[in-house]
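Structural characterization, general
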Amino acid sequence: MLFDSHAHYNDERFEDDMDEILSSMPENNVGLILNSCSEIAEIPDILKICAKYPFVYASVGVHPHETDGLTERDMDTLKEYAKHSKVKAIGEIGLDYFYDFSARDAQKKWFARQVDLAKELKMPVVIHDRDAHKDCMDILREHNVKEVGGVFHCYAGSVEMAKEILDWGMYIAFGGSLTFKKSVKPKEVAAYVPLDRIVIETDSPYLTPEPHRGKRNSSLYIHYVAEKLAEIKGISVDEVENATFENAKRLFGI
């Protein structure tokens, strides 16, 4: 069975056929899905999906794109939502200097605050890090993320950076970009990271793997990531499926 450790089924691109897609998961070897969160306003919809589908779990958090204007009251709201039995992590949280949709000072402030919230709640974090490696690592180091661990979603850093992340007891997640023909660095990191510290994901509806790149992504394509990882590791697809499934269950306490 496969565990898609990061997806967004509350996205408007699933508005017309979400139920059809999710209902087909068991027959397509997808056993569990973690629906990640980008902003507080979408949490009720995410929890409705979790209630309808026993195999869907959630994280709650505020994406760096949405950090302008956040308040401590928002952190209190997150804390309340995090008590839900289907919520297994705080995320996705982090920094995004590629788009800079929110001011960098706001991104850093609320990233650090949400790491502290995760520690208070004793929950793992789901990290979004795009073109912000140094500041991201500095904040995680300063705020002692190793107390709770978590996962670097859609990992795009170096092998050297991965070494420290692994030292913190965290996991590395690979998605569709691992299958891209010109994607060299993720393949190097995937070859380096021990199998017992890897999880796989789709980031649906984004980052669709080859050979469907350019189309809307879904968990039905997670097997392409598993197959590419097996090829890189020189092991069977079954080994990758079994290991990453158990890794993600362990990571999220499922």
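My aim in this report is to walk through the structure given alongside it, one point at a time. (Residues numbered from 1 in each chain as written. Predicted model: local features only at pLDDT ≥ 70, side-chain atom pairs only at ≥ 80, totals over all residues. Heavy atoms only, no water.)

Attention now goes to the packing of aromatic side chains. Across all of its chains, the model carries eight aromatic pairs by this definition. Of the aromatic side chains, those joined through ring pairs into one cluster are Phe-3, Phe-245 and Phe-252. Geometry around Phe-98 places Arg-130 over its ring, the cationic atom sitting 3.8 Å from the centre. Here the basic side chain of Arg-197 rests over the ring of Tyr-171, its NZ or CZ set 5.9 Å away from the ring centre. (Phe/Tyr/Trp six-rings, centres within 6.5 Å; stacked < 30°, edge-to-face > 60°. Lys NZ or Arg CZ within 6 Å of the ring centre and 35° of its normal.)

Our next topic: the pairing of strand β3 (residues 56-60). The buried count for β3 comes to five of five residues, which makes it a mostly enclosed element. Burial along β3 is two-sided: Val-56, Ala-58 and Val-60 facing one way and Tyr-57 and Ser-59 facing the other are all buried. Of the strand pairs in this sheet, β3 and strand β4 (residues 87-96) are connected by three bridges, and their pairing is parallel. Among the inter-strand pairings, Val-60 is bridged to a residue of β4, identified as Ile-90. (Buried < 20%, exposed > 50% of the residue type's maximum accessible area, 1.4 Å probe, protein only. Helix = DSSP H or I, 4+ residues; strand = E, 2+ residues; numbered from the N terminus. Pairing = 2+ DSSP bridges.)

Tyr-9, Leu-22 and Phe-152 are the most contacted members of the largest nonpolar core, which has 84 residues in total. Setting aside anything within four residues of it in sequence, one finds Leu-22 in contact with Tyr-9, Ile-33, Ile-49, Tyr-53, Phe-55 and Val-56. (Core = buried A, V, L, I, M, F, W, Y, C linked by side-chain atoms within 4.5 Å. Contact = heavy atoms within 4.5 Å.)

On to the pattern of salt bridges. Applying the stated rule across the entire model yields 15 salt bridges. Asp-138 is paired through a salt bridge with Lys-134; the nearest N and O atoms lie 2.7 Å apart. In this pair, Asp-138 and Lys-134 are both assigned in helix α5 (residues 133-142), four residues apart and thus about one turn of the helix distant. Exposure remark for Lys-134: the relative accessible area of 60% places this residue in the exposed category. Its salt-bridge partner being Lys-163, residue Glu-160 comes within 3.0 Å of it at the nearest N-O pair. Of this pair, Glu-160 and Lys-163 both sit in helix α6 (residues 159-167), separated by three residues, roughly a single helical turn. Judged by its relative accessible area of 32%, Lys-163 falls in the partly exposed class. Salt bridges here are not isolated pairs; linked through shared partners, they connect Lys-134, Asp-138, Arg-141 and Glu-164. (Salt bridge = Lys/Arg side-chain N within 4 Å of Asp/Glu carboxyl O.)

As a further point, take the sheet that holds strand β7 (residues 171-174). If you trace the eight strands from one edge of the open sheet to the other, you get β1-β2-β3-β4-β5-β6-β7-β8, paired in parallel fashion. Only two strands of the sheet have a single neighbouring strand rather than two, namely β1 (2-7) and β8 (198-200). Neighbour to neighbour, the strand axes of the sheet diverge by 30° on average, direction disregarded. Here β7 runs beside β8; their pairing, made up of three bridges, is parallel. Counterpart to Ala-173 in the pairing with β8 is Val-199. (Axes fitted to C-alpha atoms, helices over the stretch in contact; angles between N-to-C directions.)

Here we come to the side chain of Asn-35. Mapped onto the elements, Asn-35 comes out in strand β2 (residues 30-35). Polar side-chain contacts of Asn-35 include one of 2.7 Å to the backbone nitrogen of Tyr-9. A distance of 3.0 Å separates a polar atom in the side chain of Asn-35 from a polar atom in the side chain of Asn-10. When near neighbours in sequence (up to four residues on either side) are disregarded, Asn-35 contacts Ala-7, His-8, Tyr-9, Asn-10, Ile-46, Val-56, Tyr-57, Ala-58 and Ser-59. (Polar contact = N/O pair within 3.5 Å; in protein donor to acceptor, adjacent residues only side chain to side chain.)

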